[in-house]
Amino acid sequence: MAETSIDSLKAVLAQKRASAEAQGQAIRFLKASGASPSEVESTLNSLKAMKVEVEVLSKELNSRVSENGGGNRDAFRQGVVNALERRLFYIPSFKIYRGVAGLYDYGPPGCAVKSNVLGFWREHFVLVENMLEVDCPCVTPEVVLKASGHVDKFTDLMVKDEKTGTCYRADHLLKDFCKDKLEKDLTLPEEKAMEYKRVMATLDDLSAKELGSKLKEYGIVAPDTKNPLSDPYPFNLMFATSIGPSGLSPGYMRPETAQGIFVNFKDLYYYNGNKLPFAAAQIGQAFRNEISPRQGLLRVREFTLAEIEHFVDPDDKSHPKFKDVSNLEFFMYPRDEQKEAKPFKKLQLGDAVKKVPVPLMVLLIRTGGVQSSKCVGIINNETLGYFMGRTYLFMTSLGIDKERLRFRQHMANEMAHYAADCWDAEIESSYGWIECVGIADRSAYDLRAHTEKSGVQLVAQEKFAEPREVEKLVITPSKKEVGLVFKGNQKKVIEALEVMKEAEAMEVKANLEAKGEVEFFVCTLGQSVTLTKNMVSISKEKKKEHQKVFTPSVIEPSFGIGRIIYCLFEHSFYTRPNKAGDEQCNVFKFPPLVAPIKCTVFPLIQKPEYEEVAKLISKALTRARISHKIDITGTSIGKRYARTDELGVPFAITVDSSNSVTVRERDSKDQVRVSVDEVAAVVKDVTDGDSTWADILSRYPLHSSSSSDE
């Protein structure tokens with residue numbers, strides 16, 4: 001009823017605002033046409049009355065929304081966090097010293113959930129895909145991160161409270177302001193709403209000066225003190241250190257695990273029999289000195305990443321197992337829909353990868369100047385699509401709600417100039433949509449960067465049965481001529497020229513020969529520049545080759561494990577009344593796959609023979625490698641069930657006789673009676689996923705007892 005009332009109020013308010021706008025136009029027309037002062041005044045009075053009605057309705061609508069769920073997200077989140085911290089899933093680190101922002105400790109159940117998630121990740125990806133797992137140091141020499149670009153470019157724009165010195169991330173303040181306005185100001189004019197949406201969509205495009213200008217335009221101040229803010233300036237997010245006692249070997253705590261895989265490519269390629277494609281994987285800690293950590297486990301300074309680097313021939317990004325996932329259908333948010341502020345939609349993965357003809361100019365606009373083919377799908381290639389499908393299956397198997405999971409394509413302004421395509425797996429939580437997995441086609445940038453810096457050729461070879469005559473594209477920029485014209489932007493222009501694909505390069509060549517100059521889009525500059533004939537030489541050369549030597553492209557799925565786990569906590573949490581109906585009990589509905597404890601063992605009452613049976617069952621469960629907890633306290637069985645429900649334990653074994661026991665399922669509270677000899681096998685069967693609870697209900701008699709319910 002409340003929702004209907006709110007919807008009605010919204011409709012009435014929209015009508016009143018439209019009427020007021022029409023009345024305003026009428027006044028302008030009357031004045032322009034020379035209407036009498038009395039006629040203008042009468043129309044003006046009507047407009048004033050309409051504005052009063054709009055204001056009254058706006059206040060009523062905001063009040064009604066606040067009463068009927070406006071604070072539901074915050075209340076729900078607080079309930080989840082309270083339960084997690086009370087049951088020691090995680091707590092702030094160094095708590096007795098008042099903690100440090102952005103650092104958290106996992107307690108026993110949190111460690112178990114994390115271990116189960118990582119174990120399943122290894123099984124789902126490393127084992128099934130036959131990946132090569134490595135484990136590299138967290139401390140990384142500066143030269144490695146200089147080559148990767150992290151030393152120079154791994155920055156966020158920061159602002160300071162001018163009075164207290166407290167630091168904030170500038171783009172977050174602007175994003176939060178726009179998001180708050182869009183979500184809470186229900187009377188926001190459509191033009192203003194579109195402006196805020198545009199700002200949020202182009203945050204990554206804003207320079208420090210433009211970002212500072214927006215903060216001032218919107219009157220954004222320090223959120224804690226309301227003091228004025230400084231102008232934005234870059235802050236490098238890496239933790240600096242020195243390697244060895246001399247202090248002469250600078251290093252950093254790694255901001256990602258990927259670089260360890262890239263620098264080991266040559267050895268991994270040899271280990272794999274000098275064959276492509278292959279994938280290397282790594283699970284480990286990463287460190288980012290976040291400017292203003294917030295949102296619990298979602299933005300922290302030390303976190304666990306699980307990353308895959310899948311190396312492929314840049315000319316063949318097909319995947320032999322793509323057909324296994326091509327029929328999957330899930331929510332996708334392509335960049336074209338984002339640009340037009342359209343909603344995301346369900347698409348079949350095979351259709352999204354299917355190639356369709358696209359005009360060259362449209363392609364260049366879509367990709368920010370990188371042309372990979374004249375026939376493209378929404379998703380650039382099969383390997384990228386395959387990992388999106390496998391990621392969807394991984395997430396939903398963990399217990400992530402498929403209706404609150406989407407894959408959002410990066411806008412052109414979000415992608416590096418070398419990237420062919422990037423998608424984020426985003427999960428909806430009480431904080432909104434959270435990026436939890438990034439899946440990117442990084443082209444050959446990383447291996448080329450380390451080849452150039454180290455002098456070691458990180459390449460692959462494909463030997464031909466017979467020598468082949470091949471026509472090779474040769475692009476030779478003139479560093480001198482480009483530098484004279486573009487000065488500090490010389491490197492960006494040269495990089496853009498060198499990554500041109502053949503069709504684009506030949507079009508540039510034709511224009512230079514015909515006109516002497518050409519407009520060339522440099523995505524890292526975000527603009528077109530004018531090239532003249534003396535700045536670049538483009539030609540094709542015929543050669544006989546016995547083998548193809550090339551730098552592999554990399555498809556990189558990168559999983560933020562802490563973010564996935566927090567979203568899983570939210571998606572698994574619910575409350576239900578106790579038996580008396582006077583209290584709400586917390587429940588985490590974890591699938592057995594990730595539950596911190598698979599089952600509990602309870603003697604119904606404190607009786608020696610029941611306790612002996614409980615110990616026998618415990619030994620059988622241990623032999624079956626099933627995590628469990630035995631509780632022989634004298635607490636009522638209902639309270640013991642409630643305690644374990646709040647830990648997310650899916651099954652409870654209650655010992656009420658010497659030869660048979662009951663097994664209770666957490667969410668339905670249904671119980672079956674099973675013999676003592678069989679119970680460990682039954683629990684293993686269902687926790688391993690070999691049987692469902694419905695299968696168990698069909699095999700064993702249902703048990704009903706008033707004492708068994710909470």
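Residues numbered from 1 in each chain as written. Predicted model: local features only at pLDDT ≥ 70, side-chain atom pairs only at ≥ 80, totals over all residues. Heavy atoms only, no water.

Chemist: Mind showing me how you'd approach the sheet that holds strand S13 (residues 345-348) here?
Modeler: To summarise the sheet geometry, strands pair through backbone hydrogen bonds and adopt either a parallel or an antiparallel arrangement. An order of S3-S10-S11-S23-S18-S17-S16-S12-S13 is seen for the 9 strands of this open sheet, with the pairing classed as mixed. For this open sheet the edge positions go to strand S3 (132-133) and S13, each flanked by a neighbour on one side alone. As paired elements, strand S11 (residues 302-312) and strand S23 (residues 553-560) share 6 bridges and run antiparallel to each other. Along S23, the bridge assignment pairs Leu305 with Gly560. Relative to strand S18 (residues 432-441), helix H20 (residues 561-572) is tilted by about 140 degrees, and along the sheet it contacts S11, strand S17 (421-429), S18 and S23. (Pairing = 2+ DSSP bridges. Helix = DSSP H or I, 4+ residues; strand = E, 2+ residues; numbered from the N terminus. Contact = heavy atoms within 4.5 Å. Axes fitted to C-alpha atoms, helices over the stretch in contact; angles between N-to-C directions.)

Chemist: I tried to follow the packing of helix H4 (residues 108-127) against helix H15 (residues 382-398) on my own but got confused; where do I start?
Modeler: Between two packed helices, the angle of one axis relative to the other and the distance separating the axes together describe the packing. Interaxial distance between H4 and H15 falls to 11 Å at its minimum, and their mutual angle equals 145 degrees. Handedness of the H4/H15 crossing: right-handed. Of the residues in H15, those in contact with Val117, Phe120, Trp121, His124 and Phe125 of H4 are Arg390, Thr391, Leu393, Phe394, Ser397 and Leu398. Class assignment of the residues belonging to the contact of H4 with H15 gives a composition of 7 nonpolar, 3 polar and 1 charged. (Left-handed = near helix turned anticlockwise from the far one by under 90°. Nonpolar A, V, L, I, M, F, W, Y, C, P; charged D, E, K, R; others polar.)

Chemist: Please explain unusual backbone geometry as it appears in this structure.
Modeler: In this structure, Pro277 follows Leu276 across a cis peptide bond, with omega equal to -5 degrees. Topologically, Pro277 is positioned in the loop between helix H11 (265-271) and strand S10 (278-287). A positive phi is found at Ser443, a non-glycine position, where the angle reads about 55 degrees. Note on placement: Ser443 falls in the loop between S18 and helix H16 (445-454). In this model, Lys487 sits at a positive phi of 45 degrees, which is unusual for a non-glycine residue. With respect to the helices, strands and loops of the structure, Lys487 is situated in the loop between helix H17 (479-486) and helix H18 (490-498). Looking at Lys487, the relative accessible area reads 60%, which means it is exposed. (Buried < 20%, exposed > 50% of the residue type's maximum accessible area, 1.4 Å probe, protein only.)

Chemist: Hey, could you run me through the sheet that holds strand S29 (residues 660-665) in this one?
Modeler: Pairing is mixed in the open sheet, where 6 strands are placed in the order S27-S26-S28-S29-S30-S31. Each edge of the open sheet carries a strand with a single partner, namely strand S27 (628-630) and strand S31 (702-703). Pairing analysis gives 2 bridges linking strand S30 (residues 671-675) to S31, with the strands arranged antiparallel. From the neighbouring strand, Val672 faces S31, where its bridge partner is Leu702. Of the strands in this sheet, strand S26 (599-603), strand S28 (651-655), S29 and S30 touch helix H22 (residues 637-647), which is tilted by about 165 degrees from S26. Sheet strands touched by helix H23 (residues 679-687): S26, S28, S29 and S30. Its angle to S28, the strand with the most contacts, is close to 170 degrees.

Chemist: What's the story with the environment of Val672 in this structure? I'm lost.
Modeler: Residue position: Val672 is located in strand S30. Here Val672 falls in the buried class, since its relative accessible area comes to 0%. Distance in space between the C-alpha atoms of Val672 and Tyr700 is 5.9 Å, their sequence separation being 28 residues. With near-sequence residues (within four places) excluded, Val672 lies in contact with Val661, Thr662, Val663, Trp693, Ile696, Leu697, Tyr700, Pro701, Leu702 and His703.

Chemist: I'm lost on the side chain of Thr600 in this one. Help?
Modeler: In this fold, Thr600 is placed in strand S26. Leaving out residues up to four positions away in the same chain, Thr600 has contacts with Lys629, Thr644, Val649, Phe651, Ala652 and Ile653.

Chemist: I would appreciate a short explanation of the confidence of the model for the protein in the present structure.
Modeler: Interpreting fine coordinate detail is not advised for predicted regions of low pLDDT. Across the protein, pLDDT averages 88, with 92% of residues at or above 70. In the model, residues 66-70 has pLDDT below 50 throughout and makes 5 contacts with residues more than four positions away in sequence or in other chains. Every residue in residues 360-374 scores below 50 in pLDDT, and together they form 36 contacts with partners more than four places removed in sequence or on other chains. (pLDDT = per-residue confidence, 0-100.)

Chemist: Help me understand the packing of aromatic side chains, please; the structure alone is not making it clear to me.
Modeler: Any aromatic ring pair is given by two values, namely how distant the centres are and how the planes are angled relative to each other. What the rule picks out here adds up to 32 aromatic pairs. Judged by centre distance (5.4 Å) and plane angle (80 degrees), the rings of Phe344 and Trp433 are edge-to-face. With Phe344 in the loop between helix H12 (335-339) and S13 and Trp433 in strand S18, this residue pair connects regions lying 89 residues apart in the sequence. Judged by relative accessible area, which is 24%, Trp433 ranks as partly exposed. Where Tyr431 meets Tyr566, the ring centres are 6.1 Å apart and the plane angle is 50 degrees; that geometry is what we call tilted. Of the two residues, Tyr431 is situated in the loop between S17 and S18 and Tyr566 in helix H20; the sequence distance between them amounts to 135 residues. As far as the burial class goes, Tyr431 and Tyr566 line up, both buried. Among the aromatic residues, those joined into a ring-pair cluster are Phe76, Phe89, Phe569, Phe573, Phe588 and Phe590. The ring of Trp433 carries Arg406 above its face, with NZ or CZ at 4.3 Å from the centroid. In this arrangement the basic side chain of Arg468 is found over the ring face of Phe464, its NZ or CZ atom lying 3.9 Å from the centre. (Phe/Tyr/Trp six-rings, centres within 6.5 Å; stacked < 30°, edge-to-face > 60°. Lys NZ or Arg CZ within 6 Å of the ring centre and 35° of its normal.)

Chemist: Whenever I open this one, the pairing of S18 confuses me. Can you help?
Modeler: Residues in a regular strand point their side chains to alternate faces of the sheet. Counting buried positions over the 10 residues of S18 gives 8, a clear majority of the element. Bridge analysis of S17 against S18 gives 9 bridges, and the strand direction is antiparallel. Across the sheet, Trp423 pairs through a bridge with Ile439, a residue of S18. Linking S17 to S18, which pair antiparallel, is a turn of 2 residues. Relative to S23, S18 is paired through 5 bridges, and the arrangement is antiparallel.

Chemist: Just checking my understanding: could you explain the pattern of salt bridges for this structure?
Modeler: A pair can form between side chains of opposite charge whenever their charged atoms are brought close. By the definition in use, this model includes 41 salt bridges. The partner of Glu403 in a salt bridge is Lys346, and the shortest N-O contact between them spans 3.3 Å. One end of the pair, Glu403, is in the loop between H15 and strand S16 (405-409); the other, Lys346, is in strand S13, and 57 residues separate them in sequence. Measuring nitrogen to oxygen at the nearest pair gives 2.9 Å for the salt bridge that ties Arg666 to Asp667. We classify Arg666 as buried; its relative accessible area is 3%. Owing to a relative accessible area of 29%, Asp667 belongs among the partly exposed residues under this scheme. A cluster of three or more residues bridged by salt bridges with shared partners is formed by Arg406, Arg408, Glu414, Asp424 and Glu426. (Salt bridge = Lys/Arg side-chain N within 4 Å of Asp/Glu carboxyl O.)

Chemist: Quick question: what am I supposed to make of helix H3 (residues 72-86) here?
Modeler: In an α-helix, one turn spans 3.6 residues, which is why side chains three or four residues apart end up on the same side. End to end, H3 covers 21 Å across 15 residues, agreeing with the expected 21 Å (1.5 Å per residue, within 8%). Restricting attention to buried positions, one finds in H3 the residues Arg77, Val80, Val81, Ala83 and Leu84. Looking straight down H3, one finds its buried side chains confined to an arc of 160 degrees; they lie on one side. Within H3, the exposed residues directed more than 90 degrees away from the buried face are Asn72 and Arg86. One or two positions beyond H3, positive phi appears at Leu88, with a value near 65 degrees. (Expected span 1.5 Å × (residues − 1). Arc of directions from axis to C-beta.)

Chemist: Mind showing me how you'd approach a nonpolar patch on the surface here?
Modeler: Nonpolar side chains collect at one region of the surface, where Phe94, Ile96, Tyr97 and Val100 lie side by side and expose about 520 Å² of accessible area between them. Structurally, Phe94 can be placed in the loop between strand S1 (90-92) and strand S2 (104-106). (Patch = residues over 30% accessible without salt bridge, like charges linked within 9 Å, V, L, I, M, F, W, Y side chains within 5 Å. Areas by Shrake-Rupley, 256 points an atom, 1.4 Å probe, with all protein chains shown as cover.)

Chemist: I tried to follow helix H9 (residues 208-217) on my own but got confused; where do I start?
Modeler: Those residues of H9 that sit buried are Leu211, Gly212 and Leu215. Each buried residue of H9 lies within a common arc of 100 degrees when the element is viewed along its axis, so the set occupies one face. Seen from the buried face of H9, the exposed residues on the opposite side, beyond 90 degrees, are Lys209 and Lys216. Tucked into the core, H9 has its buried residues touching strand S5 (155-160) and helix H7 (170-184). One or two positions beyond H9, positive phi appears at Gly219, with a value near 65 degrees.

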